[in-house]
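# Chain and residue survey
Now for the letters of each chain:
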Amino acid sequence: MLLALLLALVTGGFGAASVPAAPANADVAAPSWWSGDCNVNNHSGSYALGASYNGVKACGPGPLQGGYDRLVNFYPGAWGEYEWECVELVMRYMYLIYGVAPYSAHGKDVVGNYSGSALTKVMNNGTNVPTPGDILSMGPTQYNQYGHTAVVAAVSIDGNGNGSVTTMEQNSSANGWRNVSVTGRT
């Protein structure tokens, strides 16, 4: 299995990671449980937000965008995820790209609750920066006690560890993309 890095979160920030030997690179097909683009035939009103990484699409609208939660199981007996929440996107990404089965977690807990061996947890301590294909778990805020999670799609960091990380996400930005500022590799 391809080694990737899973990023742990420090409250109010995001995790950092060293560069993997072989970054995630795949173009996967639409999930087998979908009917229509972004599962529109099973989840009325769904559409692609515009963000896509390694063939995995960010879809919506999520509840914060006027949509509604719909429980979906990736396969019979799998832990259920709510389309189009942030956790559903990250769990779908990890399942399709790395073969990681979905598990119980809020956005802030995706990294902390991961118990497999295909990915490595890394803390946001200023020693490393994330790479494309990594997973970010972001801590709770005064507005969202459950935190957020996203997939790293691009990194632009200078020699001093300053710049930004571009993430693919759901149920937050209108187009499925967000830039996260990085200062001193944190």
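Summary of the structure given here. (Residues numbered from 1 in each chain as written. Predicted model: local features only at pLDDT ≥ 70, side-chain atom pairs only at ≥ 80, totals over all residues. Heavy atoms only, no water.)

The helix and strand inventory of the protein stands at two helices and ten strands. Put simply, the protein runs from its N terminus to its C terminus through helices and strands in the order β-β-β-β-β-α-α-β-β-β-β-β. Relative to its full complement of 186 residues, the protein shows a buried share of 48%. For the protein, contacts bridging at least 24 residues in sequence account for 56% of all contacts bridging at least 6. When the accessible area of the protein is evaluated, it comes to approximately 8200 Å², of which 51% is carbon and sulfur surface. (Helix = DSSP H or I, 4+ residues; strand = E, 2+ residues; numbered from the N terminus. Buried < 20%, exposed > 50% of the residue type's maximum accessible area, 1.4 Å probe, protein only. Contact = heavy atoms within 4.5 Å. Areas by Shrake-Rupley, 256 points an atom, 1.4 Å probe, with all protein chains shown as cover.)

The next subject is the nonpolar core. Formed by 32 residues in total, the largest nonpolar core has its most connected members in Met91, Tyr93, Met94, Tyr103, Val110 and Met168. Here the element with the most residues in this core is helix α1 (residues 86-98); it accounts for nine residues. Of all hydrophobic cores here, the second largest spans six residues; its members include Leu136, Ala150, Val165 and Val182. (Core = buried A, V, L, I, M, F, W, Y, C linked by side-chain atoms within 4.5 Å.)

Of all five residues in strand β3 (residues 56-60), four are buried; the element is thus mostly enclosed. In textbook terms, the turn of a hairpin is the stretch between consecutive antiparallel strands, and for strand β2 (residues 47-53) and β3 this stretch comprises two residues, one of which, Asn54, has a positive phi near 55°. (Pairing = 2+ DSSP bridges.)

Mapped onto the fold, Glu88 is located in helix α1. Counting along the chain gives 14 residues from Glu88 to Phe74, while the straight-line C-alpha distance between them is 9.9 Å. In this structure, Glu88 is in contact with Phe74, Glu81, Tyr82, Glu83 and Gln170, ignoring residues within four places of it in sequence. In terms of polar contacts, Glu88 uses its side chain to reach the side chain of Arg92, at 2.7 Å. (Polar contact = N/O pair within 3.5 Å; in protein donor to acceptor, adjacent residues only side chain to side chain.)

Next up on the list: the environment of Ser173. With respect to the helices and strands, Ser173 occurs in the loop between β9 (163-168) and β10 (177-182). Residue classification places Ser173 among the buried positions, given a relative accessible area of 9%. Separated by 112 residues in the primary sequence, Ser173 and Pro61 place their C-alpha atoms 10.0 Å from one another. Separated by 3.1 Å, the side chain of Ser173 and the backbone nitrogen of Gly176 make a polar contact.

Our focus in this paragraph is the pairing of β9. Where strand β8 (residues 148-157) meets β9, six bridges bridge the pair, whose relative direction is antiparallel. Directly across from Val151, in β9, lies its bridge partner Met168. Where β8 folds back onto β9 in an antiparallel hairpin, the turn is made up of five residues, including Gly161, whose phi is positive at roughly 80°. Both β9 and β10 contribute to a ladder of six bridges, which runs antiparallel. Residue pairing for β10: Thr166 is matched across the bridge by Asn179.

Let's shift gears to the state of the cysteines. Covalent bonding between the sulfur atoms of two cysteines is what defines a disulfide. Scanning the entire structure with this criterion turns up one disulfide. Through a disulfide, Cys38 is tied to Cys59; the S-S separation comes to 2.1 Å. Every disulfide takes its handedness from the sign of the S-S torsion; for Cys38 and Cys59 that torsion is -70°, giving left-handed. With Cys38 in the loop between β1 (4-7) and β2 and Cys59 in strand β3, the pair connects residues that are 21 residues apart, well separated along the chain. Cys59 shares its class with Cys38; the two are buried. (Disulfide = S-S within 2.5 Å.)

Below, the discussion takes up the environment of Arg70. In this structure, Arg70 sits in strand β4 (residues 70-72). Residue classification places Arg70 among the partly exposed positions, given a relative accessible area of 23%. Considering only alpha carbons, one finds Arg70 and Glu85, 15 residues apart in sequence, at a separation of 9.4 Å. Contacts of Arg70, omitting those with residues within four sequence positions, involve Asn39, Asn42, His43, Glu81, Tyr82 and Glu83. Only 2.8 Å separates the side chain of Arg70 from the backbone oxygen of Asn42, close enough to count as a polar contact.

This paragraph deals with the side chain of Asn54. Secondary-structure assignment places Asn54 in the loop between β2 and β3. In this structure the side chain of Asn54 is engaged in a polar contact, spanning 2.9 Å, whose partner is the side chain of Tyr93.

Taken by themselves, the reported measurements are silent on function.
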